[in-house]
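The chain contents come next:
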Amino acid sequence: ALSFASRPLKADRELVLEAVRQNSYALWFAAKPLQADREVLQEVLLHESSSIDYAAELLNADRGLSLETARLDVMVLAFAPESLRANREFMLEVIRENGKAFQYAAEP
């Protein structure tokens, strides 16, 4: 439904958050600044782990978002870029929270 919304609605953060909670693909129709919004991306990743490909560059740049998302759903790491999974410090933090994350670690 977001695809048919007006520009002002596509730029409405609360509306976009609700839209991506219902359908993660709504992100494609959100205003560009919201496509890079930390909270919006986290919602997308929690509902559609495969969307991590879209967010890979942002996740590499935002270690905090990556860590928060992995803490909420360790399966997200299955789709994370290898460079992130090979980051020793990052993986140690995630593994401390959830030992199952170890299976997703990559060699540096």
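All figures in this text were calculated on a predicted structure; none of them were measured in a lab.

1. With respect to the overall build of the chain
The number of helices and strands found in the chain is eight helices and zero strands. Listing each helix as α and each strand as β along the chain from the N terminus yields α-α-α-α-α-α-α-α. Counting the 108 residues in the chain, one finds 42% classified as buried. In the chain, of all internal contacts separated by at least 6 residues, the share reaching a separation of at least 24 is 41%. Counting every atom, the chain has about 6,400 Å² of accessible surface; 53% of that belongs to carbon and sulfur.

2. Topic: the environment of serine 83
Its place among the elements puts serine 83 in helix α7 (residues 82-85). On the basis of relative accessible area, serine 83 is assigned to the partly exposed category, the value being 48%. C-alpha of serine 83 to C-alpha of alanine 105: the two residues are 22 residues apart in sequence and 9.9 Å apart in space.

3. Focus on the confidence of the model for the chain
Considering every residue of the chain, the mean pLDDT works out to 84; 88% of them sit at 70 or more. Put simply, helix α5 (residues 52-61) is where the chain has its lowest mean pLDDT, 60, and helix α1 (residues 7-10) is where it has its highest, 96.

4. Focus on the packing of helix α4 (residues 38-47) against helix α6 (residues 63-72)
Between α4 and α6, the least distance of the axes is 10 Å, while the angle of their chain directions is 30°. In terms of crossing hand, the pair formed by α4 and α6 is right-handed. When α4 is examined against α6, the residues Arg38, Leu41, Gln42, Leu45 and Leu46 are found in contact with a partner set consisting of Gly64, Leu65, Glu68, Thr69 and Leu72. Among the residues making up the contact of α4 with α6, the classes are represented as five nonpolar, three polar and two charged.

5. With respect to the layout of surface pockets
Reported here for the largest pocket is a volume of approximately 180 Å³. Lining the largest pocket, in full, are Ala1, Leu2, Ser3, Ala5, Leu15, Ala19, Gln22, Asn23, Tyr25, Ala26 and Phe29. Within the lining of the largest pocket, the residues separate by chemical class into eight nonpolar, three polar and no charged.

6. Things to note about the packing of helix α2 (residues 13-22) against α4
Relative to each other, α2 and α4 sit at 10°, their axes nearing to 9 Å. The orientation of α2 relative to α4 falls into the category roughly parallel. Of α4, the residues touching α2 (which contributes Arg13, Val16, Leu17, Val20 and Arg21) are Glu39, Val40, Glu43, Val44 and His47.

Rules used in this analysis
- Residues numbered from 1 in each chain as written.
- Predicted model: local features only at pLDDT ≥ 70, side-chain atom pairs only at ≥ 80, totals over all residues.
- Heavy atoms only, no water.
- Helix = DSSP H or I, 4+ residues; strand = E, 2+ residues; numbered from the N terminus.
- Buried < 20%, exposed > 50% of the residue type's maximum accessible area, 1.4 Å probe, protein only.
- Contact = heavy atoms within 4.5 Å.
- Areas by Shrake-Rupley, 256 points an atom, 1.4 Å probe, with all protein chains shown as cover.
- pLDDT = per-residue confidence, 0-100.
- Axes fitted to C-alpha atoms, helices over the stretch in contact; angles between N-to-C directions.
- Left-handed = near helix turned anticlockwise from the far one by under 90°.
- Nonpolar A, V, L, I, M, F, W, Y, C, P; charged D, E, K, R; others polar.
- 1 Å grid on protein atoms, 1.4 Å probe; cavity = no way out; pocket = protein on both sides within 12 Å on 5 of 7 lines; lining within 4 Å.
- Points joined across faces, edges and corners; volume = space filled by probe spheres on them.
- Parallel < 35°, antiparallel > 145°, perpendicular 65-115°, else oblique.

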